[in-house]
Amino acid sequence: MSSSLPYSRKDVHYDNAKFRHRSFFKVITQSFLTSNVRRDCLGCSTGKFLLLLLIFGVSYLMLTHTSPGRVVSHDQAIVNGNSEGDRSNTHDEGRLKKLWRRAPRLPPRLSPDTKGTNNGIGHVPGNQDVRSTWITRQQKVKEAFVHAWSGYKKYAMGYDELMPLSQHGTDGLGGLGATVVDALDTAMIMGIDEVVADAGSWVEEHLSERISKKGQVNLFETTIRVLGGLLSAYHLSGGEKGLNLTHAGPKPAVYLETAKDLADRLLSAFTASPTPIPFSDVILHEKSAHPAPGGLSSTSEVSTLQLEFNYLSSVSGDPKYSLEAMKVLDHIRTLPKIEGLVPIYISPQSGAFSGENIRLGSRGDSYYEYLIKVWLQCGASSSRNTSYLHEMYTEAMKGVRHLLVRKSIPNGLVFVGELPYGSQSDFSPKMDHLVCFLPGTLALGATKGLTKEQAMKNNMLNFEDLENLKLAEDLAKTCFEMYAVTSTGLAPEIAYFHTEEFSDQGLDGGNKSSKYVNDIIIKPADRHNLLRPETVESLFVLYRITEDPKYREWGWQIFEAFEKHTKVGTGGYCSLDDVTSVPPHRRDKMETFFLGETLKYLYLLFGNSSVIPLDKFVFNTEAHPIPISLKK
């Protein structure tokens, strides 16, 4: 006789088809037929008679009793009572049919811990407490924005930036009221109509005059902050079938007309240059342009203008803006590269790259960002062939993985370093905070703005996409640890990583409880924090794409550190001199991007993912959302 199978008693009550419940009758007969009694009883006529009697007895009970598991509503009971007489002739017949009818297969029953989970990552969208927590935290970010704006409005309205400690304004970006325009669409997204009204009225009453009278501005900074901010405000206030998030402020046409006036003057940077590479500086009131001192332009600056100029052509109906801006990328396409990577300087005079310094930090970063974003913006809907942009992006990310990605010791943080003298020279384990844009860009390039689950369901992810997505998550962790490793919980402007070839003792972030205190090196000159947005930008994108709640938690920790160490009681937030010491020494500066980017990304990170969806919008490098669909 074989031994019994290693199942518990409860397994007798299930069969293998979708965990279907067995009937009581089947359980009894199964137990009887598999027991030792079977051989003894069936061996004689008395046993056979008793078996038949048992079967008929159970059948009679099933025919004459209703199922105890059935639940009948009050209305059903009334209907059943009224129709009882009509069914008397067929009642027994129906029960007999039910006896022999095969029961429907039920789906597997989930445990309470499994119900409501999202792809096994532990996120419970239906959990009211979780939703309430993030609504509250999102409100805290909104309050921080109001506090920042209140300081700016009180002490620096109309200036480019607030100096919150000395309580006055400063013009470091050409005097176009950069904070007003940078903050405008953030206020629209947050639904703060009072700020929208203040900022919108200032744009309507003062910005056109400023544009016509001001002198020198930087082409790149003015495009991403002011032009981008105006175009986003135009769309979000209802222009060109926009979202119409607010009824405060002027009509959308005011933003569009101001943007056109500004762009017409900025175009001189393109038309004055002897090559498709624009000059870096523009004299607004003269509509003239000239190169920067030294004659070179930053690669990132000349290649980070296309989203804005493309969208302006789309909504204005004038192709000249897009044509000039896209000439830059068309030209860079023809230049030699090192595995898709490019030097950080380029000459408007010759049109060639200058030097060999390759990095994804300052002067190199947004070149790679705009390759994929411009392709997303117009690749599918424009008659212009932009497939080359995706090819350039794909090649560049391969080059990043091959030439720039390393791991720290002793704990293996993944980071992106630099090649200061080209691919044949020594590798530098230096990583700017600016590089923390890359995790978000990699994730966006992999799924095209869809969630990972949607992209996999649609068979959109190839092996390289998955590799890039994995790198994005690894780099996002590194960027977060650059915050967590310091005494203040805020990241330095630049970090170095401990490797076999590079070590510098005694230059840690100050948080001795961090696992990575020996992996990250922070030099004295690099310890400042400028309220930068790149890490929270990537956390926002990765949360939207992976739906992993850890990115929200990391963002909340960063926000709390900003609140603790950079908030100024009289209004505004300030930069820091040294994130490794507590209390940190403060700098008298609130960058425009704190309102335009950092707080916007945190607000969206903690909110509903249907707001400004990533498959419908691209964010320019100053976090101004621009709709993807363009006119052909």
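Residues numbered from 1 in each chain as written. Predicted model: local features only at pLDDT ≥ 70, side-chain atom pairs only at ≥ 80, totals over all residues. Heavy atoms only, no water.

Enquirer: Lay out the UniProt feature "active site" (unreviewed entry) in the protein chain in plain terms, naming residues and giving numbers.
Expert: When the UniProt feature table is mapped onto this chain numbering, "active site" (unreviewed entry) sits at E221, D365, E493 and E534. Locating E221 in the fold gives a position in helix α10 (residues 219–236). The partly exposed category is assigned to E221, whose relative accessible area is 22%. In contact with E221, not counting residues within four places along its chain, are L173 and V226. When neighbours within four sequence positions are excluded, E493 is seen to be in contact with D432, H433, D526, H528, L530 and R532. (UniProt positions renumbered as here; feature names shortened; annotations may be inferred. Helix = DSSP H or I, 4+ residues; strand = E, 2+ residues; numbered from the N terminus. Buried < 20%, exposed > 50% of the residue type's maximum accessible area, 1.4 Å probe, protein only. Contact = heavy atoms within 4.5 Å.)

Enquirer: Got a sec to walk through the UniProt feature "binding site: Ca(2+)" (unreviewed entry) in the protein chain? Specific residues and values, please.
Expert: The sites that UniProt annotates as "binding site: Ca(2+)" (unreviewed entry) are T621. When its relative accessible area of 17% is taken as the criterion, T621 is described as buried. One polar contact links T621 to E369, side chain to side chain, over a distance of 2.9 Å. (Polar contact = N/O pair within 3.5 Å; in protein donor to acceptor, adjacent residues only side chain to side chain.)

Enquirer: For the sheet that holds strand β3 (residues 216–218), give the residues involved together with the corresponding values.
Expert: Spatially, three strands are ordered β3-β4-β5 in an open sheet, and the strand pairing comes out antiparallel. Looking at which strands have only one partner, the edges of the open sheet turn out to be β3 and β5 (288–290). Across the sheet, the mean angle separating the axes of adjacent strands is 30° when strand polarity is ignored. (Pairing = 2+ DSSP bridges. Axes fitted to C-alpha atoms, helices over the stretch in contact; angles between N-to-C directions.)

Enquirer: Go over helix α9 (residues 193–213), please, and point to the residues and values.
Expert: A rise of 1.5 Å per residue sets the reference length of α9, with its 21 residues, at 30 Å; its end C-alpha atoms lie 30 Å apart and thus fit the reference within 8%. At H206, α9 is deflected by roughly 45°, the largest bend along its length. Contacts from the buried residues of α9 go to α7 (128–156), α8 (178–190), α10 and α11 (252–266). (Expected span 1.5 Å × (residues − 1). Bend = angle between axes of the 7 residues up to and from the residue.)

Enquirer: Explain the packing of helix α16 (residues 365–378) against helix α17 (residues 387–404) residue by residue, including any values.
Expert: In contact at an axis separation of 8 Å, α16 and α17 are set at 140° when each is read in the N-to-C sense. It follows that α16 is oblique to α17 by the angle criterion. Once α16 is placed against α17, the crossing between them reads as left-handed. On α17, the residues that touch Y367, Y368, L371, I372, V374 and W375 of α16 are S387, L389, H390, M392, Y393, A396 and M397. A class-by-class count of the residues in the contact of α16 with α17 yields eleven nonpolar, two polar and no charged. (Parallel < 35°, antiparallel > 145°, perpendicular 65-115°, else oblique. Left-handed = near helix turned anticlockwise from the far one by under 90°. Nonpolar A, V, L, I, M, F, W, Y, C, P; charged D, E, K, R; others polar.)

Enquirer: Residue-level account of the state of the cysteines, with values.
Expert: Inspection of the entire model under this criterion finds one disulfide. In this model, C436 is linked to C479 through a disulfide, with the two sulfur atoms separated by 2.1 Å. Since a negative S-S torsion denotes a left-handed disulfide, the C436-C479 link at about -100° is left-handed. Of the two residues, C436 is situated in the loop between β11 (430–432) and α18 (438–447) and C479 in helix α20 (residues 463–484); the sequence distance between them amounts to 43 residues. Grouping residues by exposure puts C436 and C479 together as buried. (Disulfide = S-S within 2.5 Å.)

Enquirer: Break down the pattern of salt bridges for me, citing the residues and quoting the values.
Expert: Overall, the coordinates contain 25 salt bridges when judged by the stated rule. A salt bridge links E257 to K260; its shortest N-O distance comes to 3.9 Å. Note that E257 and K260 are positioned in helix α11 at a spacing of three residues, about one turn of the helix. The class of E257 is partly exposed, set by a relative accessible area of 46%. Between E464 and R401 there is a salt bridge, with the nearest N and O atoms lying 3.9 Å from each other. With a gap of 63 residues between them, E464 in helix α20 and R401 in helix α17 connect regions that are remote in the sequence. You can call E464 buried: its relative accessible area is 18%. (Salt bridge = Lys/Arg side-chain N within 4 Å of Asp/Glu carboxyl O.)

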